[in-house]
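Structural overview for review
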Amino acid sequence: MTDSRVLPALHASHAQRLALIALLAGALSIAFAPIFVRLSDVGPVAIAFWRVALSAPVLALWMSVEPKGGRSRAPSTPRDFARLTLAGLCFAGDLVIWHISIGYTSVANATLLANFAPLFVAPVAWFLFKERFTSRFVVGMILALAGALILMGESFRLSADHLFGDALGLLTAVFYGGYILSVGHLRSEFSTATIMTWSGGITAVILLPLALLSGQPLFPANADGWLVLAGLALFSHAGGQSLIAYALAHLPASFSSVSLLLQPAAAAILAWLLLNEPLGALQAAGAAVILVGILLARRGSR
């Protein structure tokens with residue numbers, strides 16, 4: 001192999017390793033989101049709105065100062081704006097439907113089912129975007145999902161009384177899967193800052209009227225409440241989601257969706273450390289199974 005082929009291969013390998021670190025760091029960052037939500041004193045739809053609204057100025061500033069050129073460009077055509085809008089619609093659907101599902105099923109069911117995005121991402125990525133993976137990836141994906149189920153333990157229960165809420169939980173996974181696929185496709189043309197700014201703005205525009213119509217508290221009662229919302233917006237959204245968006249330029253969407261199952265495992269550990277919520281041996285075993293599943297999925301990705 002000539003030097004002209006070795007150097008690009010080494011560069012691609014380095015970029016993938018960096019993207020994997022960014023993806024896992026992003027998953028850990030958004031794992032803090034349930035902690036911020038638990039500490040907030042506003043309604044759930046309002047939390048979702050402030051998550052994207054408070055991060056918008058930071059993301060817009062980032063987009064305005066980043067160097068132009070290279071593989072990324074500014075959106076300029078109706079098709080560009082339509083695709084960016086689709087990402088925002090998918091993320092808005094993910095947030096709103098998940099919050100609604102909590103009213104019709106348990107938090108455990110809603111959280112677990114919302115993380116079933118790999119079941120929808122993998123076949124769509126294979127069919128539409130020609131992503132290819134081996135049987136080892138499939139085993140890793142199933143193992144990671146099984147680990148998430150173990151992690152929830154007895155908290156996850158199927159019941160005829162909760163079927164509607166459980167269906168909404170699965171629909172949440174469809175919308176989040178659509179968001180991952182949209183961002184992964186957009187990253188071949190647009191920068192992380194551009195995608196995050198435009199999609200977040202669209203999400204905020206959709207969520208504001210829904211938050212106003214919900215009848216739930218929209219504004220925090222004090223400065224501490226604003227700090228909680230700022231932490232959610234800047235750390236989990238602007239930080240975590242941006243890291244994930246960056247990684248999607250270099251890693252397959254199917255593998256990325258499996259890796260994001262690290263989030264419920266990390267969230268359970270954080271709840272144990274920060275909120276004194278019990279973490280039993282079964283939950284620890286579930287977290288370990290998720291990690292093994294992610295490792296197998298990585299080795300089975302092409």
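Residues numbered from 1 in each chain as written. Predicted model: local features only at pLDDT ≥ 70, side-chain atom pairs only at ≥ 80, totals over all residues. Heavy atoms only, no water.

As a further point, take the overall build of the chain. Secondary structure summary: the chain contains 14 helices and zero strands in total. Across the 302 residues in the chain, those meeting the buried criterion constitute 49%. Of the contacts formed within the chain by residues at least 6 apart in sequence, a portion of 90% connects residues at least 24 apart. Split by element, the accessible area of the chain, about 14300 Å² in all, is 71% carbon and sulfur. (Helix = DSSP H or I, 4+ residues; strand = E, 2+ residues; numbered from the N terminus. Buried < 20%, exposed > 50% of the residue type's maximum accessible area, 1.4 Å probe, protein only. Contact = heavy atoms within 4.5 Å. Areas by Shrake-Rupley, 256 points an atom, 1.4 Å probe, with all protein chains shown as cover.)

In this section: the environment of Ile 100. By the secondary structure assignment, Ile 100 is in helix α5 (residues 78-102). Sequence separation between Ile 100 and Gly 165 is 65 residues; the distance between their C-alpha atoms is 8.0 Å.

Okay, the packing of helix α3 (residues 44-53) against α5 next. Two elements in contact, α3 and α5, have axes separated by 9 Å at closest approach and are oriented at 155 degrees. As the angle between them shows, α3 and α5 are arranged roughly antiparallel. For the pair α3 and α5, the crossing hand works out as right-handed. Contacts between α3 and α5 involve Pro 44, Ala 48, Arg 51 and Val 52 from the former and Phe 91, Leu 95 and His 99 from the latter. Looking at side-chain class alone, the contact of α3 with α5 contains five nonpolar, one polar and one charged residues. (Axes fitted to C-alpha atoms, helices over the stretch in contact; angles between N-to-C directions. Parallel < 35°, antiparallel > 145°, perpendicular 65-115°, else oblique. Left-handed = near helix turned anticlockwise from the far one by under 90°. Nonpolar A, V, L, I, M, F, W, Y, C, P; charged D, E, K, R; others polar.)

Attention shifts here to the side chain of Ser 40. Mapping Ser 40 onto the fold places it in the loop between α2 (33-39) and α3. Of the residues examined, Ser 40 reaches a relative accessible area of 13% and is grouped as buried. Reaching out from Ser 40, the side chain makes a polar contact with the backbone nitrogen of Val 42 at a distance of 3.4 Å. In contact with Ser 40, other than residues within four places in its own chain, are Ile 47, Val 228 and Leu 229. (Polar contact = N/O pair within 3.5 Å; in protein donor to acceptor, adjacent residues only side chain to side chain.)

Take the packing of aromatic side chains next. Counted according to the given criterion, the structure contains nine aromatic pairs. Residues Phe 133 and Phe 137 carry aromatic rings whose centres are separated by 4.5 Å and whose planes lie at 35 degrees to one another, so their mutual orientation is tilted. A relative accessible area of 0% means that Phe 137 is categorised as buried. Three or more aromatic residues joined by ring pairs make a cluster, and in this case those are Phe 49, Trp 50, Phe 219 and Trp 226. Above the ring of Phe 255, the side-chain terminus of Arg 298 is found at 5.3 Å from the ring centroid. (Phe/Tyr/Trp six-rings, centres within 6.5 Å; stacked < 30°, edge-to-face > 60°. Lys NZ or Arg CZ within 6 Å of the ring centre and 35° of its normal.)

Within the fold, His 99 resides in helix α5. Taking relative accessible area as the criterion, His 99 reaches 14% and is therefore assigned buried. Note: C-alpha distance between His 99 and Thr 172 (73 residues apart in sequence) is 9.3 Å. Residues in contact with His 99, not counting those within four places in the same chain, are Pro 44 and Ala 48.

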